[in-house]
Amino acid sequence: MEKLKNLFKAKADALGAEIKDIIKEHGTKKMGEVQLAQAYQGMRGITGMVYETSLLDANEGIRFRGFTIPELQAKLPHAKGGQEPLPEGLFYLLLSGELPSESDVAELSADWKKRAVLPAHVLKTIDALPKDAHPMTQFVTGVMAMQTDSIFAKKYAEGVNKKDYWSFVYEDSMNLIARLPEVAAYVYRRRYHGGKTIAPQKDLDWAANFAHMLGFDGDGFKELMRLYLTIHADHEGGNVSAHTTHLVGSALSDPYLSFAAGMNGLAGPLHGLANQEVVKWILEMQKSIGTDQPSKEQIEAYVKKTLSDGKVVPGYGHAVLRKTDPRFSAQAEFAKKHMPNDPLVNTVWKIFETVPPILQSLGKIKNPWPNVDAHSGALLLHYGMKEYEYYTVLFGVSRALGVLAAQVWSRALGFPLERPKSVTTENVKAWLKGQDEVWE
Ligand code: NMX
Ligand code: MLT
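Described below are features of the structure shown in this document. Everything numeric in this text was worked out from a predicted model, so none of it was measured.

## Quick notes on the pattern of salt bridges
Okay, step 1: Evaluated as defined, the whole model comprises 22 salt bridges.
Okay, step 2: Ionic pairing is found between Glu 98 and Lys 11, a salt bridge with its closest N-O pair at 2.8 Å. Pair noted here: Glu 98 is in the loop between helix H4 (87-96) and helix H5 (102-115) and Lys 11 is in helix H1 (residues 2-26), with a separation of 87 residues, a long-range link.
Okay, step 3: Residue Glu 98 is classed as partly exposed on the basis of its relative accessible area, which comes to 31%.
Okay, step 4: In this structure, Glu 171 engages Arg 115 in a salt bridge whose closest nitrogen and oxygen atoms are separated by 3.0 Å. In this pair, Glu 171 sits in helix H9 (residues 165-192) while Arg 115 sits in helix H5, placing the two residues 56 residues apart along the sequence.
Okay, step 5: Its relative accessible area of 12% is what places Arg 115 among the buried residues.
Okay, step 6: A cluster of three or more residues bridged by salt bridges with shared partners is formed by Lys 5, Asp 111, Arg 115 and Glu 171.

## Focus: a nonpolar patch on the surface
Okay, step 1: On the surface, Leu 36, Tyr 40, Val 423, Trp 431, Leu 432 and Val 438 cluster together into a nonpolar patch covering about 530 Å² of accessible area.
Okay, step 2: Taken together, the elements giving at least two residues each to the nonpolar patch come down to helix H2 (36-40) and helix H20 (425-432).
Okay, step 3: Tracing the backbone shows Leu 36 in helix H2.
Okay, step 4: On the basis of relative accessible area, Leu 36 is assigned to the partly exposed category, the value being 32%.

## Considering the side chain of Thr 53
Okay, step 1: Considering the arrangement of structural elements, one finds Thr 53 in the loop between H2 and strand S1 (54-57).
Okay, step 2: For Thr 53, the side chain forms a polar contact with the side chain of Asp 234, separated by 2.5 Å.

## Looking at the site of ligand 2
Okay, step 1: All residues in the neighbourhood of ligand 2 are listed as His 235, Asn 239, His 271, His 318, Arg 327, Phe 395 and Arg 399.
Okay, step 2: Take His 235: an N or O atom from its side chain is 2.7 Å from an oxygen atom of ligand 2.
Okay, step 3: In isolation ligand 2 offers 260 Å² of accessible surface; the protein chains occlude 85% of this area.
Okay, step 4: Partitioning the shell around ligand 2 into residue classes produces 1 nonpolar, 4 polar and 2 charged.

## As for the environment of Gly 249
Okay, step 1: By secondary structure assignment, the location of Gly 249 is in helix H12 (residues 240-250).
Okay, step 2: Linking Gly 249 and Pro 416, residues 167 residues apart in sequence, is a C-alpha distance of 9.7 Å.
Okay, step 3: Not counting chain neighbours up to four residues away, the residues in contact with Gly 249 comprise Ser 258, Gln 407 and Arg 411.

## Some remarks on the nonpolar core
Okay, step 1: Counting 113 residues, the largest nonpolar core has Phe 91, Phe 139, Phe 210, Leu 214, Phe 259, Met 385 and Tyr 390 as the members making the most contacts within it.
Okay, step 2: Broken down by element, the residue count for this core peaks at 16 residues, all from H9.
Okay, step 3: Contacts of Tyr 390, omitting those with residues within four sequence positions, involve Pro 135, Ala 184, Ala 185, Val 187, Tyr 188, Tyr 192, Phe 210, Leu 214 and Met 385.

## As for the packing of H9 against helix H10 (residues 206-214)
Okay, step 1: Packing of H9 against H10 brings their axes to within 8 Å, and their N-to-C directions diverge by 20°. Here H9 lies roughly parallel to H10, going by the angle between them. Crossing geometry of H9 relative to H10 is assigned as right-handed. Residue-level inspection shows Ile 177, Ala 178, Pro 181, Glu 182, Ala 184, Ala 185, Tyr 188 and Arg 189 of H9 in contact with H10, the latter providing Trp 206, Phe 210, Met 213 and Leu 214.
Okay, step 2: Among the residues making up the contact of H9 with H10, the classes are represented as 10 nonpolar, no polar and 2 charged.

## Notes on the site of ligand 1
Okay, step 1: By nearness alone, 20 residues border ligand 1, and His 271, Gly 315, Tyr 316, Lys 366 and Asp 373 come closest of all.
Okay, step 2: Gly 315 places a polar main-chain atom, nitrogen or oxygen, 2.8 Å from an oxygen atom of ligand 1.
Okay, step 3: Taking Asn 371, its side chain carries an N or O atom lying 3.0 Å from an oxygen atom of ligand 1.
Okay, step 4: Compared with its free state, where it exposes 890 Å², ligand 1 has 75% of that area covered by protein.
Okay, step 5: When its residues are assigned to classes, the shell around ligand 1 shows 11 nonpolar, 5 polar and 4 charged.

Rules behind the numbers
- Residues numbered from 1 in each chain as written.
- Chains lettered and ligands numbered in written order.
- Predicted model: local features only at pLDDT ≥ 70, side-chain atom pairs only at ≥ 80, totals over all residues.
- Heavy atoms only, no water.
- Salt bridge = Lys/Arg side-chain N within 4 Å of Asp/Glu carboxyl O.
- Helix = DSSP H or I, 4+ residues; strand = E, 2+ residues; numbered from the N terminus.
- Buried < 20%, exposed > 50% of the residue type's maximum accessible area, 1.4 Å probe, protein only.
- Patch = residues over 30% accessible without salt bridge, like charges linked within 9 Å, V, L, I, M, F, W, Y side chains within 5 Å.
- Areas by Shrake-Rupley, 256 points an atom, 1.4 Å probe, with all protein chains shown as cover.
- Polar contact = N/O pair within 3.5 Å; in protein donor to acceptor, adjacent residues only side chain to side chain.
- Near = heavy atom within 4 Å.
- Nonpolar A, V, L, I, M, F, W, Y, C, P; charged D, E, K, R; others polar.
- Contact = heavy atoms within 4.5 Å.
- Core = buried A, V, L, I, M, F, W, Y, C linked by side-chain atoms within 4.5 Å.
- Axes fitted to C-alpha atoms, helices over the stretch in contact; angles between N-to-C directions.
- Parallel < 35°, antiparallel > 145°, perpendicular 65-115°, else oblique.
- Left-handed = near helix turned anticlockwise from the far one by under 90°.

Here it is as C-alpha cells:
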C-alpha cells in the first residue's frame, strides 16, 4: 500500500524537521522534576519519552491522535451493515495522523490479506510446545518464529543507511500485523479445539476474518472484535507493553523481537493478563457464594475477602487513569445495545457499583475505578468464548496496531537507544548525607 507509506514518509519528514528545531530552541526546558520516591515507585508521573500515536489524560482517558473512542466509532469507516470502527482504520490513523476514507481502509485491508502468509516453520514451532502451555506463551513463540522473515534484520545485516531503517520497520510491522490473526487463531484452535484450524476467508475484514478463524462466525462477535481490536490498540507510551516494545526497538531489535518482548509484558497479571484474572475471579466468586447472580451485599463481602487475603481486585485501579476507563464505558455501551440482560454482564455492572467505594475507603488506592479489563471478558463469554486464559492474546493482537505504528515513527524520527540512569540505595543514602551526588 504505497499511498499510506508515502503519506507516512511525508509526515515523518515534516515532523522530524520540526522536532530538530524544537530541540535546538527549547531542548534545555524542564518538563518536571524527579522525586526520590518516584525512582523507587515505578517512575509514576515521570514524563520521559515521546510516543506519537496516542495520549492519555488521567481524567478523560485515551485519545488516539486526538480522537476519543466515541469519536472513532463515529468517524472511522465501518464494515457493511456494522456500527463499530474497523481496526484497519485505526491503524491508518495512528500511523498517518489522518482519518482514512472507506477506500483507504479497503486498500489497507487488501494489503494485509496479501501479506498474511506465514513462513512454513511457524506453526510447527508452536507445535513443539505442550498443548496446554499458556496461550500467551504459544502466541509469543509464534511471533518469535516469524522473526526469521524480518526484512529489517536482513537489511541491517547488509548495512543499509540508517535513514532507511523506518522503511524496513514499516514492512516488518505491516507483515507482522497481517499475520498475527492466523497465529493467534492457531493457538486458540490448537489449545481448545483439538487443532482443528479454520482457513481464512479472504473477503472479510481483518477483525471479522480473525473471528472466523477462531470459529465465531456470528455478526455480533465480529462487531465485538472490531470494537475490541480498536480500543485495546494503544494507551500512550508508558504502559508496560508499549514501553517494552519501544525500549527493545530502541536497540534496533527488529519489530518481531521488540513486539514479542512487549507481549511478554502484556502477559503479566497487573497488565494485560488482568482480563483473564477478572473472569477467573468472578467465576470463583460465583462458586464460593453458590449463585451466578450474586447480590451487591454478597459481592461486597467477596471483595473484602479478596483484599484481606492480600490480593488485588482485578480490573480495578490504574497507574495513570483517575476515572472510569472510557474503554470500560465503550464496552458497557456495547453490552447495553447487544446483551442488556446477560447475567454475567449484569454482575460486572453490579461489581462496578460495589467495588469503587470499598477501594476508596482503604485510603491508599489512587484510582478505585474500573479499567478496560473489568468488562471485556463478560462480552467474550456472552458469545461463547469461555476459555478465559486466551483473552490476553486478543489484547495482544490489538496492541500490535499501536506499538508497531509507534515503532515505525520511532525509527523514522531517528530516536536513539533508550538508556535511563539508575542509582543504588547506597548512593541514595550517601547523597542524603551530603557525601555524594545522585549521578546524572
Ligand atoms: N485492588 C487492591 N489493591 C489495589 C488495587 C486493586 N485493584 N489497585 C491498587 N491497589 C493497591 C496497590 O497494590 C498498592 O498497594 P501497596 O501500597 O500495599 O503496595 C496501593 O493500592 C497503591 O496503588 P496505586 O498507586 O493506586 O496503583 P499502582 O499505580 O501502583 O498500580 C495497578 C496500578 C493497575 C497495577 C493496580 O491498580 C492493580 O494492581 N490493579 C489490579 C490489576 C489490574 O486490573 N490491572 C490491569 C491494568 C490495565 N491493563 O490492562 O493493563
Ligand atoms: C494499557 O492499556 O496499557 C493499560 O491500561 C495499562 C496502562 O496504560 O498503564
